[in-house]
Amino acid sequence: MKRFVYFNDESCRDFYRDNRISNTKYTFWNFIPKNLCEQFRRVMNQYFLLIACLQLWSTITPVSPATTWGPLAIIFIVSASKEAWDDYNRYLSDKKANERRIWVVKDGVRRQIKAQEIHVGNIVWLHENDEIPCDLVLIGTSDPQGICYIETAALDGETDLKTRIIPSICANLSPEQLGKIKGVAECPNPDNNIRRFDANMHLFPPITDNEKCPLTISNTLLQSCYLRFTEWACGVAVYTGNETKSGMSRGTAEPKLTSADSMIDKLTVAIFVFQIVAVLVLGFAGNIWKDSHGRKQWYLMYPSEGPWYEFLVIPLRFELLCSIMIPISIKVTLDLAKSVYAKFIDCDDQMFDWETSTPAHSANTAISEDLGQVEYILSDKTGTLTENKMIFRRCCISDTLYGDNNGDALKDVGLLNAVSSNDPDVVKFLMVMALCNTVVPIKRQVYDLLLEEKAIMNAIAMCDLFVPYTFHNFSNDGTISYKAQSQDEEALVNAASKLNMVLTSKDSSSAEICFNGSKFYYELLDVLEFTSDRKRMSIVVKESGSGKFLLLSKGADEAIFPRSCPGQEIKTYQEAVEMYSHLGLRTLCLGWRDLEECEYKEWSKKFQDASCSLDNRENKIAEVCHSLEKDIHILGITAIEDRLQDGVPETIKLLRNAGINVWMLTGDKQNTAIQIGLLCNLITPESNGQLLSINGKTEDDILRSLDRALVVMKTTPERKDLAFVLDGCALEIILKRSVESFTRLAMMSTTAICCRMTPLQKAQLVGILKSSGSLTLAIGDGGNDVRMIQEANVGVGISGREGLQAARAADYSIGKFKFLKRLILVHGRYSYNRTAFISQYSFYKSLLICFIQILFSFSSGLSGTSLFNSISLMAYNVFYTSLPVMTIIFDKDISETTVLQYPQILLYSQAGRLLNPSTFAGWFGRSLYHALVVFLITVHAYADEKSDMEELSMVALSGCIWLQAFVVTLDTNSFTYPQIIFVWGNFVAFYVINLILSVVPSLQMHNVMLRLCNQPSYWITMALIVTVGMGPVLALRYLRKVFQPSAIDVLQQIEQTNRHIETSRNMESSSRTYLDHLLTDLRRNKGSIHQPLLSESLACSR
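Owing to the predicted nature of the structure, the values given are computational and were not obtained by experimental measurement.

### As for the overall build of the protein
(1) Moving on: Each helix and strand in the protein was counted, giving 37 helices and 33 strands.
(2) Moving on: Entry remark: accessible area of the protein is about 47,800 Å², with carbon and sulfur atoms responsible for 56%.

Structure (structure tokens):
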């Protein structure tokens, strides 16, 4: 499908929407019903709504409906308020964008309108630093060559300025003609692909004679971008409102379910099944007791014959009584805790990159605990492990190597002499370096620099984000700077400039080069753009003096060497590529070809037809380009250095010691990737490790090498550090024919280097590891890493020189790779530990009160009567037990310094030892034991004729509060002010609230707490409950710490003795040996079975 956009024609108004932007989720009228529908999509909310509705049936409800309706309403109101606030902010943002004043031109008359009033076909006139209000086809600029510059950071996160050019048929049109232009653009229907725009346009007479012109993304100005360094530009609106590419790209990402959330869901289902079984058993027993004994008791007043549904009354009463087994507040509590985890990451000064003023940022607040369970890290290389600061180091021209002696070709005497003597091969080589690229030279004065700085600061203020940007030094003589979309291209052009081949000017149709004082002019005819499939770029130029047609090419060696002219000896170049790769340098191959005029014209017609195609344009262009890029004369090889970031080797070593498998996925050559892997501790040298290569000339050879690697992995001793390396071609074959074997290999290997990878293949590798049940983290810095980042369980983006696209698509963003160790080992581990405790504690406190109710039912004829009144139950769920657990948010079992010094301790959380069925069984048993203690001691102390039901209820409730205060306190490892406030402040508040309620005559609790507090027996009962309830737990913990301490216990003991782990020399040799043994045992056995009452037990295994 396609649309036809007629310029300056009102007929388009009736077919396409206006430019009103709407990102709101609700309206004033549909907010309540729509929000309620969304909240009731959750199964847990549906369950509690059913319970609340059943409680409205007075015949069966043992307590007031307020015990469920109250907490349910509070939870709904909190969630709805958050949604309403977020949607209101979106409304204000939309209103601001829609009411901006925009200049449009109609039949040569300019006027200002609101942005929302723009329609398809309108001519929009922009001025410097204006935000582009909709998607436009550029038709004119203030630049004589038809070029303008835009900042796309708000759209794709890339901070380098982009060049946009007008279509060729719009060249030389005056501003007056642009205001009266008539024509039509044939465009595809709206889509969200911001990298592609395949369309055609032609103008109506008298401007042209219906000449058809192809349009690409380089002819567009997309919504949300900014016009920079251009006095004015105008374009035709083709997509408006939410139909722009930016609008189509908006949307809510699919929520990620963490491993902890998945386990909590399973435990919830298990508790629900247990609840149903308990209800059926108790209900059946209750009906039997009623028929056999209850009807004989006159005071119970059971009718001789009841309604037909009488047999359901007692089971339903027990269902309502046991419904609190599933804590209604668990989701709100966990959401609040996770929000605090995210703030800890955002406010961590030790993860602040001072070089670029970039803080760490948590975009996804729901998955912090997954950071502590990461098993595989898949990392990009360039810009992630390296600095992405390209430096031209060496080159090989006409079989001569330059830069080998001093490591800097720019200072090589031989190359400098060749340049000064106008060596023809060197001149051609430098000319390709200067011309075959997307670089644009810019001449600016100091005043321009000030404008640039002001514009960028405005963008930062508008977007409320940090935009890393490098300012260059300019002098008053108009020094040339270069704007490039690739760091490699910028390095090549700068290197050529230092070797006297200076690119002085360039536009869409021509370029000027100054070499050794002489100027050369070239007509730029066609650009054969780089793609990840072609792995090369070429341009066709025409020399102004000689009229020669030339094809200039550069690209990866595997893309250029097969297209070299027959008979040319390329062995030296291949050896140079190998040598440079072993040095860890990035290589590009440069080539040249003379074209005949007739050959070019014939090819140009095919290229024009392919460029104008609206169907499968990219593939058709690739085929036409392939037909011209042949018989290329290889000129030489460039070698560019990309240094490792500071702290990368130490970080990777630490992560590997923590039991995390680290893979490197890169588009570079194999040897370059291997060399970088050695430098950053990713792979071990041959003496202690072995690198298995998966490759071959045929598909069968590749599959055989895969099988050999599997055999070696299975038979090699554990002490040998094994890794494998493969390229994109081998992976493509393996994915087609042997995915299972490759998956087994991936599970056995701790390290892998995957080179020549496309963005899709990176994402496929992440998918393979995820499908095997492993928890993956992907980290990258560029747009080609976005697929991988979004596919992984946890995505981390680096705010680097390639922009913010990866950082925006990620769950977390950091300034440097070295901060990853702190993100995982500190924040991830603490988050997992805290989530494990909070979730299981939430079940514990709900099960405790429910078990007491069940025990009381055996004393009340299994009738389903509640021991606690409605006010106490509601306060218990909402107030008394919700605040104390929040103190765990600030808890640290061991210090950050200790965690980073002993990263193996991460294996506890990585293996899920703190949250699993075994640990939950411990909490379940603890709740049952504490329920027995509270009920039996309370009954024996107060079950006499002098005590009423309310006193018995309050004593039991007090016992629960006392026990939970000690449970939280004793399970807390670090004591802070929030703990004192949340635990003991809440404890005091319990008595204050109930003493106040005791003086209200109209309540059932009148004088209850006042009487109890004046009785010594009450305080003796509380002391007895705490002693009997906590005594065995403390005894078991003490015995375990003495006779079978875990690694965490040993580290805690060391910290208590020495205050910090840095003085480890003070450790006794026996303790140190035992600790080393435990940490080694951790690595060998990632068990998930856990004994909660005994804390971490290394004797258990998965």
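### Points about the side chain of Gln761
(1) Moving on: Residue placement: Gln761 occurs in helix H23 (residues 759–771).
(2) Moving on: Setting aside residues up to four positions removed in sequence, Gln761 forms contacts with Gly728, Leu731, Glu732 and Arg756.

### Topic: the packing of aromatic side chains
(1) Moving on: In the structure shown here, the tally under the stated rule is 33 aromatic pairs.
(2) Moving on: When the ring of Phe837 is compared with that of Tyr841, the centres are 5.9 Å apart and the planes differ by 10°; the resulting orientation is stacked. Residue Phe837 and its partner Tyr841 are located together in helix H26 (residues 820–857), separated by 4 residues, close to a single helical turn. A single burial state applies to Phe837 and to Tyr841, both of which are buried.
(3) Moving on: Relative to Tyr844, the ring of Tyr841 lies with its centre 6.0 Å away and its plane at 40°, an arrangement referred to as tilted. Taken together, the residues span about one helical turn, with Tyr841 and Tyr844 both in helix H26 at a distance of 3 residues. In this structure, Tyr841 and Tyr844 share a single accessibility class: buried.
(4) Moving on: Here the aromatic residues Tyr880, Trp962, Phe966, Trp984, Phe987, Phe990, Tyr991, Tyr1018 and Trp1019 are joined through ring pairs into a cluster of three or more.
(5) Moving on: Looking at Lys428, its charged tip hangs above the ring of Trp592, at a distance of 4.9 Å from the centre.
(6) Moving on: Its end group placed over the ring of Trp923, Arg926 keeps NZ or CZ at 4.4 Å from the ring centre.

### Comments concerning the sheet that holds strand E20 (residues 501–506)
(1) Moving on: Across the sheet, 9 strands lie side by side as E17-E16-E26-E25-E24-E23-E22-E21-E20; this open sheet has antiparallel pairing. Two strands close off the open sheet at either side, each with one partner strand: strand E17 (400–402) and E20. On average, adjacent strands in this sheet sit at an angle of 30° to one another, irrespective of strand direction.
(2) Moving on: Alignment of strand E16 (residues 386–397) against strand E26 (residues 633–644), held across 8 bridges, turns out to be antiparallel. Across the sheet, the residue bridging to Thr386 is Leu644, located in E26.
(3) Moving on: Helix H10 (residues 413–420) rests against E16, E17 and strand E21 (510–515) of the sheet, and its axis sits at about 110° to E17.

### Focus: the pairing of strand E9 (residues 199–203)
(1) Moving on: Of all 5 residues making up E9, 4 are buried, and the element is well covered by its neighbours.
(2) Moving on: In the sheet, strand E8 (residues 183–188) pairs with E9 via 4 bridges, with the strands oriented antiparallel. Pairing of Val184 across the sheet is with His202, part of E9.
(3) Moving on: Direction of pairing for E9 relative to strand E10 (residues 213–215): antiparallel, over a ladder of 3 bridges. Bridge pairing in E10 places Ala199 opposite Leu215.

### Observations concerning the pattern of salt bridges
(1) Moving on: In this structure the tally under the stated criterion is 46 salt bridges.
(2) Moving on: For Asp348, the salt bridge is made with Arg822, and the minimal N-O distance between the two is 2.5 Å. Of this pair, Asp348 sits in the loop between helix H9 (330–346) and strand E14 (361–362) while Arg822 sits in helix H26, placing them 474 residues apart in sequence. Residues Asp348 and Arg822 agree in their burial class; the two are buried.
(3) Moving on: The residue Arg536 makes a salt bridge to Glu629 at a minimum N-O spacing of 2.7 Å. Of this pair, Arg536 sits in strand E23 (residues 536–543) while Glu629 sits in the loop between helix H17 (617–628) and E26; the two residues are 93 residues apart in sequence, bridging distant segments of the chain. Like Glu629, Arg536 is buried.
(4) Moving on: Overlapping salt bridges bring together Arg196, Asp198, Arg617 and Glu618 as one network.

### Some words on the environment of Ile169
(1) Moving on: By the element assignment, Ile169 lies in the loop between strand E7 (162–165) and helix H5 (175–179).
(2) Moving on: C-alpha separation for the pair Ile169 and Glu211, spaced 42 residues apart in sequence, amounts to 7.5 Å.

### Focus: the packing of H26 against helix H32 (residues 949–971)
Angle between the axes and distance between the axes: these two values describe a pair of packed helices.
(1) Moving on: In the contact formed by H26 and H32, the axes pass within 12 Å of each other and the chain directions differ by 155°. Viewed along their axes, H26 and H32 adopt a mutual orientation that is roughly antiparallel. In this structure, H26 meets H32 at a crossing whose hand is right-handed. Seen from H26, the contacting residues are Phe837, Tyr841, Tyr844, Lys845, Leu848, Ile849, Ile852 and Phe856; seen from H32, they are Met949, Leu957, Cys960, Leu963, Gln964, Val967, Val968 and Asp971.
(2) Moving on: Split into classes, the residues belonging to the contact of H26 with H32 amount to 13 nonpolar, 1 polar and 2 charged.

### A closer look at helix H19 (residues 670–679)
(1) Moving on: Every buried residue belonging to H19 is among Asn671, Thr672, Ala673, Ile674, Ile676 and Gly677, and all of these are buried.
(2) Moving on: Of the surrounding secondary structure, the elements contacted by the buried residues of H19 are helix H15 (571–582), E26, strand E27 (661–665), strand E28 (689–694) and strand E30 (751–755).
(3) Moving on: Asn681 sits one or two residues past H19 and shows a positive phi near 65°.

### A word on the pairing of strand E31 (residues 776–780)
(1) Moving on: Burial runs high along E31: 5 of the 5 residues are buried.
(2) Moving on: Both faces of E31 are covered, namely the face carrying Thr776, Ala778 and Gly780 and the face carrying Leu777 and Ile779.
(3) Moving on: Examined bridge by bridge, strand E15 (residues 376–380) and E31 share 4 bridges and lie parallel to one another. Across the sheet, residue Ile377 finds its bridge partner in E31, namely Leu777.
(4) Moving on: Handedness of the crossover joining E31 and strand E32 (residues 794–798) through helix H24 (residues 786–791): right-handed.

### Remarks on the sheet that holds E31
(1) Moving on: Spatially, 9 strands are ordered E14-E33-E32-E31-E15-E27-E30-E29-E28 in an open sheet, and the strand pairing comes out mixed. Every other strand in the sheet has two partners, leaving E14 and E28 as the edge strands with one partner each.
(2) Moving on: Pairing analysis gives 2 bridges linking E14 to strand E33 (residues 812–814), with the strands arranged antiparallel. Note that in E33 the partner of Ser362 across the bridge is Tyr812.
(3) Moving on: Seen against the sheet, H19 touches E27, E28, strand E29 (721–727) and E30 and runs at an angle of roughly 145° to E30.
(4) Moving on: Sheet strands touched by helix H22 (residues 739–748): E15, E27, E28 and E29. Its angle to E29, the strand with the most contacts, is close to 140°.

Conventions and cut-offs
- Residues numbered from 1 in each chain as written.
- Predicted model: local features only at pLDDT ≥ 70, side-chain atom pairs only at ≥ 80, totals over all residues.
- Heavy atoms only, no water.
- Helix = DSSP H or I, 4+ residues; strand = E, 2+ residues; numbered from the N terminus.
- Areas by Shrake-Rupley, 256 points an atom, 1.4 Å probe, with all protein chains shown as cover.
- Contact = heavy atoms within 4.5 Å.
- Phe/Tyr/Trp six-rings, centres within 6.5 Å; stacked < 30°, edge-to-face > 60°.
- Buried < 20%, exposed > 50% of the residue type's maximum accessible area, 1.4 Å probe, protein only.
- Lys NZ or Arg CZ within 6 Å of the ring centre and 35° of its normal.
- Pairing = 2+ DSSP bridges.
- Axes fitted to C-alpha atoms, helices over the stretch in contact; angles between N-to-C directions.
- Salt bridge = Lys/Arg side-chain N within 4 Å of Asp/Glu carboxyl O.
- Parallel < 35°, antiparallel > 145°, perpendicular 65-115°, else oblique.
- Left-handed = near helix turned anticlockwise from the far one by under 90°.
- Nonpolar A, V, L, I, M, F, W, Y, C, P; charged D, E, K, R; others polar.
- Right-handed = clockwise from strand over helix to strand, strands pointing away.

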